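# Secondary and tertiary structure notes
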Amino acid sequence: MLVHGVSWNSDSPALRFQDCTESTDVALAQGSALGLRVLPGLWCLGHTKVHGPGDRTHVPCRSGSPAERGTQCGACFARDDSRLMHDFHRGGSVPAGLRAYLMQPHWLYVATFANGVSKVGTASAPRKWHRLAEQGAVHASYVAHADDGRVVRVLEDLVTLDAGLVQQVRSAAKAAALVEPRSGVELQSINRSQAAKVRELLGGLVMTGFTVVEEEWKRPVLADRLCSARPPGAIRHPYPATFDDGGHGLRIQSMSGAIALASLPDSSGAEIEGSFVADLGGLKGRKVEFGDHITEIPVLQDSLF
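We now turn to the structure provided with this report.

Within the chain, the secondary structure is distributed over seven helices and 15 strands. A compact globule built from 305 residues should have a C-alpha radius of gyration of about 19 Å, and the chain, at 20 Å, falls within 12% of that. Residues classed as buried in the chain amount to 45% of the 305 residues present. For the chain, long-range pairs separated by at least 24 residues make up 68% of all intrachain contacts whose partners lie at least 6 apart in sequence. Total accessible area on the chain is roughly 14,500 Å²; 50% of this is exposed by carbon and sulfur atoms.

To continue, consider helix 4 (residues 149-163). The end-to-end C-alpha separation of helix 4 is 20 Å, in line with the 21 Å expected for 15 residues at 1.5 Å each. For helix 4, the full list of buried residues reads Gly149, Val151, Val152, Arg153, Leu155, Glu156 and Val159. Each element contacted by the buried residues of helix 4 is listed here: helix 2 (96-102), strand 7 (106-112), strand 8 (118-124), strand 9 (139-146), helix 6 (184-203) and strand 10 (210-216). Just downstream of helix 4, Gly164 is the residue with a positive phi angle, here 80°.

Time to look at the state of the cysteines. With the rule as written, the count across this model stands at zero disulfides. Residue Cys73 stays outside any disulfide, its sulfur separated by 3.7 Å from that of Cys44, the closest cysteine.

Let us now look at the environment of Tyr109. Summarising the element assignment, Tyr109 is placed in strand 7. Judged by its relative accessible area of 0%, Tyr109 is buried. Between the C-alpha atoms of Tyr109 and Ala195, which are 86 residues apart in sequence, the distance is 8.0 Å. Dropping the residues within four chain positions of it, Tyr109 is found in contact with Lys119, Val120, Gly121, Thr122, Ala123, Arg131, Leu132, Gln135, Ser141, Tyr142 and Val143.

With respect to the helices and strands, His106 occurs in strand 7. Only 2.8 Å separates the side chain of His106 from the backbone oxygen of Gln104, close enough to count as a polar contact.

Moving on to the sheet that holds strand 11 (residues 236-238). The strand order across the open sheet formed by six strands is 11-14-13-12-4-15, and the pairing between neighbours is mixed. Both edges of this open sheet fall to strand 11 and strand 15 (288-290), since each of them pairs with a single strand only. Adjacent strand axes in the sheet meet at a mean angle of 45°, parallel and antiparallel pairs treated alike. Pairing analysis gives six bridges linking strand 4 (residues 33-38) to strand 12 (residues 246-256), with the strands arranged antiparallel. Bridging across to strand 12, Gly35 finds its partner in Gly249. The strands that helix 5 (residues 171-179) touches are strand 11, strand 12, strand 13 (259-263) and strand 14 (275-279); relative to strand 14, the one it contacts most, it runs at about 170°.

The rules we used
Residues numbered from 1 in each chain as written. Predicted model: local features only at pLDDT ≥ 70, side-chain atom pairs only at ≥ 80, totals over all residues. Heavy atoms only, no water. Helix = DSSP H or I, 4+ residues; strand = E, 2+ residues; numbered from the N terminus. Rg over C-alpha atoms; globule rule 2.2 N^0.38 Å. Buried < 20%, exposed > 50% of the residue type's maximum accessible area, 1.4 Å probe, protein only. Contact = heavy atoms within 4.5 Å. Areas by Shrake-Rupley, 256 points an atom, 1.4 Å probe, with all protein chains shown as cover. Expected span 1.5 Å × (residues − 1). Disulfide = S-S within 2.5 Å. Polar contact = N/O pair within 3.5 Å; in protein donor to acceptor, adjacent residues only side chain to side chain. Pairing = 2+ DSSP bridges. Axes fitted to C-alpha atoms, helices over the stretch in contact; angles between N-to-C directions.

Here it is as structure tokens:
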């Protein structure tokens, strides 16, 4: 089965797979077990055709090719509608379905992660909450409601240029920060401060087509344990393997975006001491087989963690 990544629906995440033309979701609820073996290689996930707001089709890779650009082969990358949306506000040409999607209302947000880094981003109206859940934000605030996707992307670029907020935070940085997250009070304060600066900037613009808003995003309950500073005496390690091959066995404790806080069983079924922060996003584009697999645990030295 080919892994398409972690998706969030309501307050619950799932690992999404594609087997031929059928898609399957495996729930990543608290206490659920995930055992799989990763096969060698990184494979194309196909491409997306956008028909309008809330209407899109996933097209599997025709040739089952290895990935060449991210998680796509060259041919699927060229056919993918979603790659065109980032230049739409600069006058780029887009298909009619993608144009209809982009012309619906959008939200501008400021998200803050466990290391205190904040970014600016956008979400279409139907994905207002889900976008931030999948991003793995610890705290986030909505700062503007735009008439359409062109306006919101102009605002996003202005915030990056004038307020210095990045538009992307690498998943590896998010995972590393969640091993020792900063305190919730501190992160909330950082987010509120950055959001206030952005609102002040937006309030001084002469352009139209948007409204400055003041609204905080509600983080999923399942993310609370992972996003909170670890209690005294609790042990938290980076996950000791990569998801490019071999067997893996985890029991989910908490999830933030695609990142899990998990316990790991040994060969006898007993759990290794401590919890482990694992970026399940590393499974995207991998072919896997389910089974009673375990993660090979090296000797953990406190000085290394």
